[in-house]
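So you can see what is in the structure, the chains are spelled out below.
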There are 2 protein chains.
Amino acid sequence: MSADTKTGLQLRSLIKKSGDLEISLVDVPTPEPGPDEVVVRVEASPINPSDLGLLIGAADMATAKASGTKDSPVITAKVPEAGMKAMAGRLDESMPVGNEGAGVVVKTGSSDAAKALMGKTVAMIGGAMYSQYRCLKVAECLPLPAGTTPPEGASCFVNPLTALGMTETMRREGHKALVHTAAASNLGQMLNKICLKDGIGLVNIVRSPQQADILHKIGAKHVVDSTAPTFMEDLTNALVETGATLAFDAIGGGKLAGQILTAMEIAANRTAKVYSRYGSSVHKQVYIYGGLDLGPTILNRAFGMTWGLGGWLLFPFLQKIGPADGAKLRQRVVDELKTTFASHYNKVVSLPEVLQLDHIAVYAKRATGEKYLINPNKG
Amino acid sequence: MSADTKTGLQLRSLIKKSGDLEISLVDVPTPEPGPDEVVVRVEASPINPSDLGLLIGAADMATAKASGTKDSPVITAKVPEAGMKAMAGRLDESMPVGNEGAGVVVKTGSSDAAKALMGKTVAMIGGAMYSQYRCLKVAECLPLPAGTTPPEGASCFVNPLTALGMTETMRREGHKALVHTAAASNLGQMLNKICLKDGIGLVNIVRSPQQADILHKIGAKHVVDSTAPTFMEDLTNALVETGATLAFDAIGGGKLAGQILTAMEIAANRTAKVYSRYGSSVHKQVYIYGGLDLGPTILNRAFGMTWGLGGWLLFPFLQKIGPADGAKLRQRVVDELKTTFASHYNKVVSLPEVLQLDHIAVYAKRATGEKYLINPNKG
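Residues numbered from 1 in each chain as written. Chains lettered and ligands numbered in written order. Predicted model: local features only at pLDDT ≥ 70, side-chain atom pairs only at ≥ 80, totals over all residues. Heavy atoms only, no water.

Engineer: It is not clear to me how the overall build of chain A should be interpreted in this structure. Could you clarify?
Structural biologist: Of regular secondary structure, chain A possesses twelve helices and 20 strands. Taken over the C-alpha trace, chain A has a radius of gyration of 22 Å; the compact-globule value for 379 residues is 21 Å, and the two agree within 12%. Considering only C-alpha atoms, chain A reaches an extent of 75 × 45 × 35 Å along its principal axes. The buried share of chain A, taken over its 379 residues, is 56%. Of the contacts formed within chain A by residues at least 6 apart in sequence, a portion of 71% connects residues at least 24 apart. Here chain A has roughly 15600 Å² of accessible surface; of this, 54% comes from carbon and sulfur atoms. Computed over 39 positive and 35 negative side-chain charges, the inter-centroid distance for chain A is 3 Å. (Helix = DSSP H or I, 4+ residues; strand = E, 2+ residues; numbered from the N terminus. Rg over C-alpha atoms; globule rule 2.2 N^0.38 Å. Buried < 20%, exposed > 50% of the residue type's maximum accessible area, 1.4 Å probe, protein only. Contact = heavy atoms within 4.5 Å. Areas by Shrake-Rupley, 256 points an atom, 1.4 Å probe, with all protein chains shown as cover. Lys, Arg positive; Asp, Glu negative; His and termini not counted. Charge placed at Lys NZ, Arg CZ, Asp CG, Glu CD.)

Printed below as a string of structure tokens:
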């Protein structure tokens, strides 16, 4: 960890018109903080699935090759032609990565608000966190309570606010309980803690008995395994018990979103009194918020006509609810950072280590229970 | 046409627990009209795609067999096991069919409002229209202007209100132009007339050059053929020109809904200034309102995260906008019944003819340009 903050390493992702992805580290000058800004020495930043979209884009990481030196490694990989269309907006532009992180304020601007943060541990959101130093506005920092370490505060925003966004969306759109897929994830565990605490029915869909165990151990009441032969029956029963008509799906591809809508329709019809040729009149909604399976979404449409499927993202949701309600959610995260919103990481890596093929092979899989934390100032 | 209104033929559709569909004609007593009711001799009722859902349900009409007599024919067909789940609510229940129709009031209740309708030609909605006589409330009748025949008034509700519901939904959900699939249909032609009259941009997607011709002849400006090799490019150009971000899809199955969302995303990104890893922030919406292709909907999700797909139905839409706004739409239909909302039929059949295998083979295909009208009192 250098005492010189004038420059710092920053991870960059570049997709060229030729279809080549290039990930590298560049030494960038640290901006001089304006009156209302601070410079943070970033000490912890998670690799979230939402970061991988920018970090590796549509590249096929099975084609990844390492070059460069130990201190200045370079990763290259091929983007399949079919994936290039979605990359059109970022071609030939070297992009910094990392949605959120935490660190210590090492330099401040002249305002009182900025000076008050000197030496404080803060959580941050706003991109370019895979950097040794990050200059940002005071308002973009969330000061953490004394005794909170940067790793404890690194994931203050994306997962906690996404989980809270799900229960908020449920209330605002008139549903009474939730379904969540890839439910044993860090985010899924948080969501269970929130729902248990707030008395919300939650149906957890997992893809193995091991994942079911993780959730049972933290007190989850409804856990169904999509690989079990009785999956549709188990899911329907859980939907009848909870009354869930809203699902958040991290997987996206395959038949799961449609299976959830179908099971919701069967559950609704179990209690319906009159036959309708168009299916039940209960609104059934699935929001896709991730893409663990990048394959096509396949809907058999055996769920009547009263349904919706759509994309869901945290930032448009926060914009919709407005700053006052957003601040309430953030305050809850800070209050419960070491309990409800505690994150667990399997590995802490330096910036050069992010570019090691053996690590890429693990974190690019987006597998539950393989969570990485980057410490850009790790020696 | 019998002068005796005491009983009348009614078409019934029955799906048995055994998986057999049975379509037959039964002689039912005509109800005595209450004070505020009238009896209408039904003379025209269309076979809409929305009627086929109840008439043949999930049955495979390739297995259809005719039995019974000439005057009292019976059709039987097999429902594939995969389709039985969606039929659960109607099993072993003999159901009347026919959403809408028109006819002449032949008997009335004692109220002044009922008596005022005696001898009048009225349009009706409410089911069981494939009947010789239909008893219904005065409020459920739409009296037609003098000089309007029952065939002219037979399709006053489903297609006209669906087409108007599309432009209304566009306005209410903040879009500025529309996309419509299976666009050469009766409904699609109406929608073109509405959009031309109201100055709304409309992108018509058809499945053959012949269908494109139909629309060009009535003045459609944007017609793209999904079977052309340049389809995606043509569609994207039309979306850029019109700014359409809302589509109504009658097809449902296959890749079309996803292709529309993808083209909308490309169109939105053509004018976007900043790259977003989640795609454009323009909301793109497709509503599926029909099922011409009952196969699965396949979404490649190459359209960012700001999108929605859902079912859309006329009656929930009318409930949402309320009776006052609904009445305005109905009045427009009556005012423009012989122009904007004129329907064309290829065949007029009697009730026994509805049960002829050669006719079933045609109307069950749901093909554009093969529209049937039933006259239950045809001699």
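Continuing now.
Engineer: Even after reading the chapter, I still don't get the interface of chain A and chain B, so can you show me in this structure?
Structural biologist: By a widespread convention, an interface's size corresponds to the accessible area lost as its parts come together. In this assembly, 37 residues from chain A lie in contact with 37 residues from chain B. Taken together, the two surfaces of chain A and chain B that pack against each other cover about 3100 Å², and 62% of this comes from carbon and sulfur. Applying the counting criterion to the chain A and chain B interface returns zero salt bridges. Connecting chain A to chain B are 13 residue pairs in polar contact (both at pLDDT 80 or more). At the level of secondary structure, the elements contributing two or more residues to the side of chain A that touches chain B comprise α1 (49-55), β15 (252-254), α9 (256-270), β17 (293-299) and β18 (307-311) of chain A. For the side of chain A that touches chain B, the element with the most residues is β17(A), which contributes seven residues. Counted by class, the side of chain A that touches chain B contains 18 nonpolar, 14 polar and five charged residues. In this sheet, strand β17 (residues 293-299) of chain B lies alongside β17(A) in antiparallel orientation, the contact comprising three bridges. Along β17(B), the bridge assignment pairs A:T297 with B:L299. (Buried area = accessible area lost by both parts, 1.4 Å probe. Salt bridge = Lys/Arg side-chain N within 4 Å of Asp/Glu carboxyl O. Polar contact = N/O pair within 3.5 Å; in protein donor to acceptor, adjacent residues only side chain to side chain. Nonpolar A, V, L, I, M, F, W, Y, C, P; charged D, E, K, R; others polar. Pairing = 2+ DSSP bridges.)

Engineer: Explain the packing of helix α5 (residues 158-172) of chain B against helix α6 (residues 186-198) of chain B to me, please; I cannot follow it from the model alone.
Structural biologist: How two helices pack is summed up by the angle between their axes together with the distance between the axes. Residues and elements named next belong to chain B. Closest axis-to-axis distance for the α5/α6 pair is 9 Å, and the angle between their directions is 45°. Looking at the two axes, α5 sits oblique to α6. When the axes of α5 and α6 are compared, the crossing they make is right-handed. Contacts between α5 and α6 involve N159, P160, T162, A163, L164, M166, T167 and R171 on the former and, on the latter, N186, L187, M190, L191, I194, C195 and D198. Of the residues that constitute the contact of α5 with α6, the class distribution is nine nonpolar, four polar and two charged. (Axes fitted to C-alpha atoms, helices over the stretch in contact; angles between N-to-C directions. Parallel < 35°, antiparallel > 145°, perpendicular 65-115°, else oblique. Left-handed = near helix turned anticlockwise from the far one by under 90°.)

Engineer: So what exactly am I meant to see when it comes to the relation of the copies chain A and chain B here?
Structural biologist: Copies of the same chain, two in number, are related to each other by a rotation about an axis and a translation along it. Screw-axis analysis of chain A against chain B gives a translation of 0.0 Å along the axis, an RMSD of 0.0 Å, and a rotation angle of 180°. Overall, the copies show the geometry of a two-fold rotation axis. Most of the interface of chain A is mirrored in chain B, where 100% of its interface residues again form contacts. (Least-squares fit on C-alpha atoms with pLDDT ≥ 70 in both.)

Engineer: What am I meant to see in the packing of aromatic side chains here?
Structural biologist: The tally for this structure, following the rule as stated, stands at ten aromatic pairs over all chains. An angle of 75° between the planes, with centres 5.1 Å apart, marks the rings of B:F303 and B:W307 as edge-to-face. Since its relative accessible area comes to 0%, B:F303 is described here as buried. The exposure class of B:W307 is buried, given its relative accessible area of 2%. With a centroid separation of 5.4 Å and 70° between ring planes, the pair formed by B:Y363 and B:Y372 is classed as edge-to-face. One aromatic cluster is present, built from ring pairs that chain together A:F248, A:Y287, A:W312 and A:F317. (Phe/Tyr/Trp six-rings, centres within 6.5 Å; stacked < 30°, edge-to-face > 60°.)

Engineer: I would appreciate a short explanation of the sheet that holds β17(B) in the present structure.
Structural biologist: The pairing of strands in a sheet happens through backbone hydrogen bonds and is either parallel or antiparallel. If you walk across this open sheet you meet the four strands as β15(A)-β17(A)-β17(B)-β15(B), and the pairing is mixed. Each edge of the open sheet carries a strand with a single partner, namely β15 of chain A together with β15 (252-254) of chain B. The mean inter-strand angle of the sheet, taken between neighbouring strand axes irrespective of direction, is 50°. Here β15(B) pairs with β17(B) via two bridges, running parallel.

Engineer: Is there a simple way to explain the pattern of salt bridges in this structure?
Structural biologist: Pairing between side chains becomes possible if they bear opposite charge and their charged atoms approach one another. With the rule as written, the count across this model stands at 34 salt bridges over all chains. The salt bridge partner of A:K197 is A:E336, with a shortest N-O separation of 3.4 Å. Of the two residues, A:K197 sits in helix α6 (residues 186-198) while A:E336 sits in the loop between α10 (314-335) and β19 (347-349), which places them 139 residues apart along the sequence. For the salt bridge of B:D198 with B:R171, the shortest nitrogen-to-oxygen distance reads 3.8 Å.

Engineer: How do you make sense of the sheet that holds strand β5 (residues 73-78) of chain B when you look at a structure like this?
Structural biologist: Residue and element names in this part refer to chain B. Read across the sheet, five strands follow the order β4-β5-β2-β1-β6 without closing on themselves; strand pairing throughout is antiparallel. Of all strands in the sheet, those bounded by a partner on one side alone are β4 (60-68) and β6 (95-96). The pairing of strand β1 (residues 7-15) with β6 spans two bridges and is antiparallel. By the bridge assignment for β6, R12 is matched with P96.

Engineer: What should I look at first to understand unusual backbone geometry in this one?
Structural biologist: Most peptide bonds take the trans form, and the phi angle of most residues other than glycine is negative. In this model, A:A182 sits at a positive phi of 50°, which is unusual for a non-glycine residue. Here A:A182 is to be found in the loop between β11 (177-181) and α6. What makes A:A182 buried here is its relative accessible area of 6%. In this model, B:D92 sits at a positive phi of 60°, which is unusual for a non-glycine residue. Judged by relative accessible area, which is 41%, B:D92 ranks as partly exposed.

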